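Listed below, chain by chain, are the residues.
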Amino acid sequence: MEILEKEGELTDGVRYVFWTFGGTVPGSFIRTRVGDEIEFHLQNHPDNKLPHNIDLHAVTGPGGGAESSFVAPGHEKVFSFKTLNPGLYVYHCATAPVGMHIANGMYGLILVEPDGGLPLVDREYYIMQGDFYTKGANGERGLQPFDMQKAVDEKADYVVFNGNVGALTGDNAITAKVGETVRLFVGNGGPGLVSSFHVIGEIFDKVHVEGGDLINENVQTTMIPAGGAAIVEFHVNVPGTFILVDHSIFRAFNKGALGMLKVEGEENENIYTGEQYDGIYLPEGPGIQEMPTTDGVVESEIPAQNFEEQMKFGKQIYMQTCFACHQAEGQGIPNAFPPLAKSDYLNADVNRAIGIVLNGKTGEITVNGQKYNNVMTRQMLSSEESANVLTYVYNS
């Protein structure tokens, strides 16, 4: 396994220098079986600036291999171990300061299958959550350095699956077909936060608690500690897009811990009918309620310089602010939230659209011949952010 320190994208417009096992966050999925004897080679690329090592939680020995694998740039270390206990285990760098090395992306999973292996399923996927701490606030563009004080305080700017915001959404979503069984190998690199892993619209048939032998059945949300893992399995019965989240929910919709499972196949109305009735329920009246906030909104320090940057930054704001209601392709949610894509209401009056973004909207509107009666809250966006997101909406 080769260690690489490399610059990549944490989210649209935000770059970060990741420290990686194999060039990716998380590092490669290692699959073994109980009783395997493994010779492990760890190389530190000569262009790297720092020494590193590896602690594999599946290893019985000092430091989980860390004491034998401390390696300077341009060098290689070799050690051997035997897998004694079945389970799903985290591996990570354990070079001081340990938290910094993990926070920069140095973690992955190693599976030790039992004798005979795990039962066959239709689909398997590898997912790891991690928390990132940057000098700039969430969404602040440019190359962002690691912030040690935020990390010590466990105030993460980003909480993501597989190394960056959107790594498991859109074209990168995981997939399945109706009738299949899906197995997820889910780890939490941390370094600071515990994960409340949940798939919206699914129930886990089986959970290998903390990656071990104990199996819980019919589980809605499973806790995965920092430096821990779980194996979850479920049968998919109906088609649709199922959202993977850390159910500490602001992490999902505001910091990035969100993925997608796209399931294709025939509908089954015996299990799920979809909407059967649409009525209006306003027990507290139609007024918009809003938490107290200050009026000040900080403008971006690096404004968009051209149309391409407006589209890029606008997409970032859209995925953070608009995605949940209006969906990834702007298709909206039938009978609940109107579409933005090809919207006659939106295209009829640009100034009205700007006003809705800045001030919110309540009451009935008609979009593409369909009536909607809902509330859109006022968005706390700067004028530049509003311009970017509307540029993206109108041109994508």
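Here, the structure is the one placed above.
Described below are features of the structure shown in this document.

Re the overall build of the chain
Then comes step 1: Along the backbone of the chain there are nine helices and 22 strands.
Then comes step 2: Over its C-alpha trace the chain gives a radius of gyration of 23 Å, about what one expects of a compact globule, namely 21 Å for 396 residues.
Then comes step 3: Expressed along its principal axes, the backbone C-alpha trace of the chain runs to roughly 65 × 55 × 35 Å.
Then comes step 4: The buried share of the chain, reckoned over its 396 residues, is 44%.
Then comes step 5: Looking at the chain alone, contacts between residues at least 24 apart form 68% of all its contacts between residues at least 6 apart.

A short note on the sheet that holds strand S9 (residues 123-132)
Then comes step 1: If you walk across this open sheet you meet the six strands as S11-S9-S13-S18-S15-S16, and the pairing is mixed. Each edge of the open sheet carries a strand with a single partner, namely strand S11 (158-161) and strand S16 (215-219). If you compare each strand with its neighbour and ignore which way they point, the axes differ by 20 degrees on average.
Then comes step 2: Bridge count for strand S13 (residues 181-190) against strand S18 (residues 228-235) is eight bridges, and the pairing is antiparallel. Across the sheet, the residue bridging to phenylalanine 185 is isoleucine 231, located in S18.

A few points about the layout of surface pockets
Then comes step 1: Each pocket or cavity is described by its volume, and for the second largest pocket that value is around 740 Å³.
Then comes step 2: Taken together, 26 residues line the second largest pocket, and the ones lying closest to its centre are Pro239, Gly240, Thr241, Phe242 and Gln327.
Then comes step 3: Listed by contribution, the elements that provide at least two residues to the lining of the second largest pocket are strand S19 (240-246), strand S20 (258-264) and helix H6 (323-326).
Then comes step 4: Among the elements that line the lining of the second largest pocket, the one with the most residues is S19, at four residues.
Then comes step 5: When the residues that make up the lining of the second largest pocket are grouped by side-chain class, the tally is 14 nonpolar, eight polar and four charged.

Brief notes about the packing of helix H5 (residues 307-321) against helix H9 (residues 383-395)
Then comes step 1: The interhelical angle for the contact between H5 and H9, taken along N-to-C directions, is 95 degrees, at an axis separation of 7 Å. With respect to each other, H5 and H9 are oriented roughly perpendicular. Taking contact as the criterion, the partners of Phe307, Gln310, Met311, Phe313, Gly314, Lys315, Ile317 and Tyr318 in H5 are, on H9, Glu385, Ala387, Asn388, Val389, Thr391, Tyr392, Val393 and Asn395.
Then comes step 2: When grouped by side-chain class, the residues that make up the contact of H5 with H9 number nine nonpolar, five polar and two charged.

A short note on the nonpolar core
Then comes step 1: Formed by 52 residues in total, the largest nonpolar core has its most connected members in Leu109, Phe132, Leu184, Phe197, Phe204, Leu244 and Leu261.
Then comes step 2: Not counting residues within four places of it along the chain, the set of residues in contact with leucine 244 comprises Ile127, Phe161, Ile174, Leu184, Phe197, His198, Val199, Ala257, Leu258, Gly259, Met260 and Leu261.
Then comes step 3: Core analysis: the next-biggest nonpolar cluster, separate from the first, contains 20 residues, Leu56, Val71, Phe79 and Ile110 among them.

Details of the pairing of strand S21 (residues 361-367)
Then comes step 1: Sheet topology note: the S21/strand S22 (residues 370-376) ladder contains seven bridges and is antiparallel. By the bridge assignment, threonine 362 is partnered in S22 with valine 375.

Thoughts on the environment of glutamate 140
Then comes step 1: Mapped onto the fold, glutamate 140 is located in the loop between S9 and strand S10 (142-143).
Then comes step 2: Its relative accessible area of 31% is what places glutamate 140 among the partly exposed residues.
Then comes step 3: On a C-alpha basis, the gap between glutamate 140 and valine 14 in space is 6.7 Å, while along the polypeptide they are 126 residues apart.

A short note on a nonpolar patch on the surface
Then comes step 1: Among the surface-exposed residues, Val350, Ile354 and Leu358 lie close enough to one another that they form a single nonpolar patch of about 200 Å² accessible area.
Then comes step 2: Along the chain, the position of leucine 358 falls in helix H8 (residues 350-359).
Then comes step 3: Overall, the relative accessible area of 32% leaves leucine 358 in the partly exposed class.

Reading guide: rules and limits
- Residues numbered from 1 in each chain as written.
- Predicted model: local features only at pLDDT ≥ 70, side-chain atom pairs only at ≥ 80, totals over all residues.
- Heavy atoms only, no water.
- Helix = DSSP H or I, 4+ residues; strand = E, 2+ residues; numbered from the N terminus.
- Rg over C-alpha atoms; globule rule 2.2 N^0.38 Å.
- Buried < 20%, exposed > 50% of the residue type's maximum accessible area, 1.4 Å probe, protein only.
- Contact = heavy atoms within 4.5 Å.
- Pairing = 2+ DSSP bridges.
- Axes fitted to C-alpha atoms, helices over the stretch in contact; angles between N-to-C directions.
- 1 Å grid on protein atoms, 1.4 Å probe; cavity = no way out; pocket = protein on both sides within 12 Å on 5 of 7 lines; lining within 4 Å.
- Points joined across faces, edges and corners; volume = space filled by probe spheres on them.
- Nonpolar A, V, L, I, M, F, W, Y, C, P; charged D, E, K, R; others polar.
- Parallel < 35°, antiparallel > 145°, perpendicular 65-115°, else oblique.
- Core = buried A, V, L, I, M, F, W, Y, C linked by side-chain atoms within 4.5 Å.
- Patch = residues over 30% accessible without salt bridge, like charges linked within 9 Å, V, L, I, M, F, W, Y side chains within 5 Å.
- Areas by Shrake-Rupley, 256 points an atom, 1.4 Å probe, with all protein chains shown as cover.
- Salt bridge = Lys/Arg side-chain N within 4 Å of Asp/Glu carboxyl O.

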